[in-house]
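Architecture at a glance
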Amino acid sequence: MADGSNSESGSRRLLGRLKAALAEPAEGQERLDRVVRLIAEEMETPVCSIYLFRDPETLELCATEGLKPEAVHKTRMRLGEGLVGRVARKAQPINTADAPGEPGFRYMPETGEEIYSAFLGVPIQRLGERLGVLVVQSKEARAYSDDELYALEVVAMVLAEMAELGAFVGEGAALKPLHQQAVLLRGTVGQEGTAMGAAWLHEPRVIVTNPFADDSAAETARLRDAVDRLRVSVDEMLGDPRHAPDGDHRQVLEAYRMFANSKGWMRRMEESIARGLSAEAAVEREQTRARTRLEQVPDAYLRERLQDLDDLSNRLLRLLTGQGDETGAEMPDSPILVARNIGPGELLSYGRTLNGIVLEEGSVGSHAAVVARALAIPLIINARGIVQEALNGDQILVDGEQGIVHLRPEENVAKAFRDKIAMQAKAQERYASIRKVPATTVYGPTIALHMNAGLIADLPSLKPSGAEGVGLFRTELQFLIRNHVPRRDELAALYSRVMDAADGRRVVFRTLDIGSDKVLPYMKREHEPNPALGWRAIRVFLDRPGVMRMQLQALIRAAAGRPLAIMFPFVAQLDEFLAGRAAVHDELEREERLGRPLPSKVEIGAMLETPSLAFSPRRFFESADFISVGGNDLKQFFFAADRENERVRRRYDSLNVSYLTFLEWIVQRCEDTGTPLSFCGEDAGRPVEAMCFAAMGFRTLSMRPASIGPVKHLLRRTNLSEVREVIDEARGSGAQSVRPAVMEWLRAQG
Ligand code: PEP
Ligand code: MG
């Protein structure tokens, strides 16, 4: 190859020899030794070395031709340290004629490398998974040619492919088997809860079994055929009328089409085949490049496009290998869904078959999170690396309290987890025994416990949970899971079924709460600098009254002779509530004129989710039939701490004295006007928080069905006056949060 006369055939010859060498039976270390010898020979360079990761931060010299053999398995460097460490950190090659003159160069005396001036290092990586660094060095002060760089990159990729297939595992080898180690990943909690089960990849990994091209012409023909089929399928998707002309989905498809027709993409893949890679490996090479760039570009638009290219490459790989579209594949028992991201419709189609969900991306307010919450399935988002690491069937534990995922856990971790789940199940049994009794506190009031819901499928939990009714029915899910605005009769039928299922118990329907992160698929996306403070919920509703009126009509029709409770989200001032209320009255009059049956009783309430509403004129409290504190939003605005931002969302305690005092103020204002008040944010479902809110005067709490048992259990054993004394004492003492005092008191109570 060093002659440079025919770089393609040189590269093919190198890969051919590599293939033959790897086909011979040998243990891992022996194979690594052969590989470095062979590369040095073919590239006519005195030194070739392989450095592999010992742990995510440390690289180790694992095989060398040319450096001192004693240094093997001794020389180590940190990620980012020296030229090798820099190649690993940036996942980019370094090619220099004067290695000692390079910034960051570190001389390793035990290797004897001081006499080598030229250095070429490339990452050994596959699809974002980094295994190490492949290096060649020589004495003359000359940079390696582009052809040599290309050849070394191709070899490094093949090494990564072969590592994936287990080629370097065994006696004395530095490379542990891939996808067999225990891995702990930290993410963000999207829905609380614990789950254990077997990984089920939404899009299974494609395994490339042969990275070498035996016949370049045949591989090129296979690639072209697959790309043709890919183009046809993208065109078909684009012709599908469900993908609205200005929808996000369409934008993605347009990007797919652009890439599928990109000459540069095709040319690079054909070039890789000409150099000896199989069609699949050529696609993966491009995918690896895209992933490396993805990590480096800060621009959100470009990142999305690179992501599209990644998706498209996966489709192409599936076309080439026929993997991933096996319809007969059996989902394991207790599946934990693993995906990069997933749409609400797809998630709903899995429904309650899932034990848990782990996503590589996502946000707390995303549609997938909304669905997971509605289905009460533990969800971890932002678990970086999960798609790369997990294989179908791997054991996986989801700790939705801490936001931790254990993949292929050690037995002691799995056992501790099983014990935890068994304890939770026991507790649930205990709670079942108090299902029918009220949450009456010791010598004190009874607290009404309601459940939050968002799907018909939630309603069967009503009776077993012991909830008195549905304190919050989030109506946005029906809007999120469709590609079009739902029709009025569809909605009316659905709301009617919800009321049927509630069997006479009160259901509070919250009108559409969209905007912020909950953007409807068919709604034109407006870029907002700060969506949580933007055009959302009742603001959208009042500015675009068409959908609002349709939803109100559907609710009135669904009630038909039964009582109806409607609640407006995100009200910030009096006139918004009055306008919403007037719209309900208009629709009632209209329905009456049309001769339709009206609800037997109509209650119109507001969610108190912005601090401003707590200070609104008395008239607001007089005109609202009821008020429900949306603690998730209220807390984020009270502390100016984004509920979706992991860095700050747990920073402020819900039992912070300022917040409790603010809640007390809301209780007083409602007492002044006799306005029924409830609390329906997530905090209502946390026993200690629920107890303190009750002590501050809340008499109705609405929460996830699974929280009702634990909250009731604690309330029934609590004397609220004593809790109040503890809170007041802590407040008086200048504490920042009442939690330490309350926990101390609880401990003293046993
Ligand atoms: C809240 O904000 O507390 C609430 C219940 O509404 P959501 O979580 O749907 O915003
Ligand atoms: Mg809210």
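Cut-offs applied
Residues numbered from 1 in each chain as written. Chains lettered and ligands numbered in written order. Predicted model: local features only at pLDDT ≥ 70, side-chain atom pairs only at ≥ 80, totals over all residues. Heavy atoms only, no water. Near = heavy atom within 4 Å. Polar contact = N/O pair within 3.5 Å; in protein donor to acceptor, adjacent residues only side chain to side chain. Areas by Shrake-Rupley, 256 points an atom, 1.4 Å probe, with all protein chains shown as cover. Helix = DSSP H or I, 4+ residues; strand = E, 2+ residues; numbered from the N terminus. Core = buried A, V, L, I, M, F, W, Y, C linked by side-chain atoms within 4.5 Å. Buried < 20%, exposed > 50% of the residue type's maximum accessible area, 1.4 Å probe, protein only. Contact = heavy atoms within 4.5 Å. Phe/Tyr/Trp six-rings, centres within 6.5 Å; stacked < 30°, edge-to-face > 60°. Lys NZ or Arg CZ within 6 Å of the ring centre and 35° of its normal.

**Things to note about the site of ligand 1**
Inspection of the region around ligand 1 gives 14 residues, with R474, E609, G630, N632 and R643 positioned closest. Measuring from an oxygen atom of ligand 1, one finds a side-chain N or O atom of R510 at 2.9 Å. In this structure, G631 approaches ligand 1 through a main-chain N or O atom, which is 3.1 Å from an oxygen atom. In isolation ligand 1 offers 280 Å² of accessible surface; the protein chains occlude 98% of this area. Of all the secondary structure elements, the ones that give two or more residues to the shell around ligand 1 are β17 (470-474) and α22 (631-638).

**Some remarks on the nonpolar core**
Judged by nonpolar contacts, the single largest core of 92 residues is most densely connected at L663 and L701. Excluding residues that lie within four positions of it along the chain, L701 makes contacts with I447, A448, L449, H450, F679, A684, A690 and F693.

**Describing the packing of aromatic side chains**
Per the counting criterion, the structure on display carries 15 aromatic pairs. A centroid spacing of 5.6 Å and a plane angle of 25° characterise the contact between F615 and W665, whose relative ring orientation is stacked. Here W665 lies in helix α23 (residues 657-673) and F615 lies in the loop between α20 (611-614) and α21 (618-623), a separation of 50 residues in the sequence. For F615, a relative accessible area of 52% translates into the label exposed. Residues F639 and Y659 carry aromatic rings whose centres are separated by 5.8 Å and whose planes lie at 45° to one another, so their mutual orientation is tilted. Here Y659 lies in helix α23 and F639 lies in the loop between α22 and α23, a separation of 20 residues in the sequence. Its relative accessible area of 14% is what places F639 among the buried residues. In this structure, R285 packs its charged tip against the face of Y150, placed 4.4 Å from the ring centre. R506 extends its terminal NZ or CZ atom over the ring of F626, reaching a point 4.8 Å from the ring centre.

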